[in-house]
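Overview (structure and organization)
The chain contents come next:
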Amino acid sequence: MRRLFPLPDPNDPDGARAVTDRAWGLDELADAYAYPATDGPWLRANMVSSLDGAAQHDGTSQPLSSDADMRIFGTLRALADAVVVGAETVRQEGYRPARARDAFAGRRAAAGQGPAPAVAVVSASLDLDFSLPLFTSPLVPTLVLTGAAASPERVAAAEKAGAEVLVAGDGMGVDPARAVEALAGRGLRRLLTEGGPRLLGQFVASGVLDELCLTVSPTLTSGTAQRIAYGSGRAVPERFALVSLLEEAGFLFTRYRRT
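What you see is a predicted model; the values in this text were computed from it and never measured.

The subject of this paragraph is the pattern of salt bridges. Summed over the entire model, instances satisfying the criterion amount to 15 salt bridges. Taking the shortest distance from any N to any O, the salt bridge between R107 and D31 comes out at 3.2 Å. Taken together, the residues span a long stretch of sequence, with R107 in helix α5 (residues 102-110) and D31 in helix α2 (residues 26-32) at a distance of 76 residues. On the basis of relative accessible area, R107 is assigned to the partly exposed category, the value being 30%. Measuring nitrogen to oxygen at the nearest pair gives 2.2 Å for the salt bridge that ties E238 to R258. Placement of E238 in the loop between β8 (211-216) and β9 (240-248) and of R258 in strand β10 (residues 251-258) is noted, with a sequence separation of 20 residues between them. Overall, the relative accessible area of 30% leaves E238 in the partly exposed class. Its relative accessible area of 25% is what places R258 among the partly exposed residues.

Unoccupied space between atoms shows up once a probe the size of one water molecule is rolled over them. Taken as a whole and judged by the stated rule, the model has 2 cavities of 30 Å³ or more. Residue composition of the lining of the largest cavity, by class: 9 nonpolar, 1 polar and no charged. Space inside the second largest cavity adds up to approximately 30 Å³. In this structure, the second largest cavity is lined by V122, V174, P176, A179, L199, Q202 and F203. Those elements that provide at least two residues to the lining of the second largest cavity are α8 (176-185) and α9 (197-206). At 3 residues, α9 tops the list of elements feeding residues into the lining of the second largest cavity. Here the residues of the lining of the second largest cavity are counted per class, giving 6 nonpolar, 1 polar and no charged.

About the cut-offs
Residues numbered from 1 in each chain as written. Predicted model: local features only at pLDDT ≥ 70, side-chain atom pairs only at ≥ 80, totals over all residues. Heavy atoms only, no water. Salt bridge = Lys/Arg side-chain N within 4 Å of Asp/Glu carboxyl O. Helix = DSSP H or I, 4+ residues; strand = E, 2+ residues; numbered from the N terminus. Buried < 20%, exposed > 50% of the residue type's maximum accessible area, 1.4 Å probe, protein only. 1 Å grid on protein atoms, 1.4 Å probe; cavity = no way out; pocket = protein on both sides within 12 Å on 5 of 7 lines; lining within 4 Å. Points joined across faces, edges and corners; volume = space filled by probe spheres on them. Nonpolar A, V, L, I, M, F, W, Y, C, P; charged D, E, K, R; others polar.

All quantities given are derived from atomic positions and should not be read as evidence of function.
Right, dumping it as structure tokens:
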């Protein structure tokens, strides 16, 4: 893996080594992707896209990924307090509970975090299979974010399975800003969303996304797959600034923050 931006100081031996192709350790990746010091919540997205803008192939993101992409995926999860994901992505990707990883145990303990991030599922209908391990046997109880008008029967089913239901909207749907506030109110400030595209589109349109970690996969898919963010969009495009750029085997690992 090579660091392309920001360029390290060639007079710094550690920095010079970072320019060359080599395997990056998990501690290095964790340092490179550390959350900024801030008093409020910070919402980061992690997505992958093909060269022609597809966020999925045959319904999942796995065909666009790589070993390096999965290392960064695991690192971003290990740094987060909560992973926020849409219900459709839970259904399509077969989501399982986040697991504790020994490599990050000391870092999480020092940051006052639990052994693994909570998974927070955003769903208006609560049309979810509550018998899945995500709900019945997580290391950290799964959260479900929904609206005030959600079906009481489905809310009861979620709670019976062991999930904690948080209301983050006045109607059937979830308001993105209220979702972030609800999680922050539980002490979950370092937030990571892994989509899908509809959920990320809602976060973008609402102006609550602070950072995007986008893997550009050296693949072409054509077809009709969604792009990484899908929805009504913003009236005026919002500009983000490049923070870092890594490369391995043709994959580009970009990191952008709002300006």
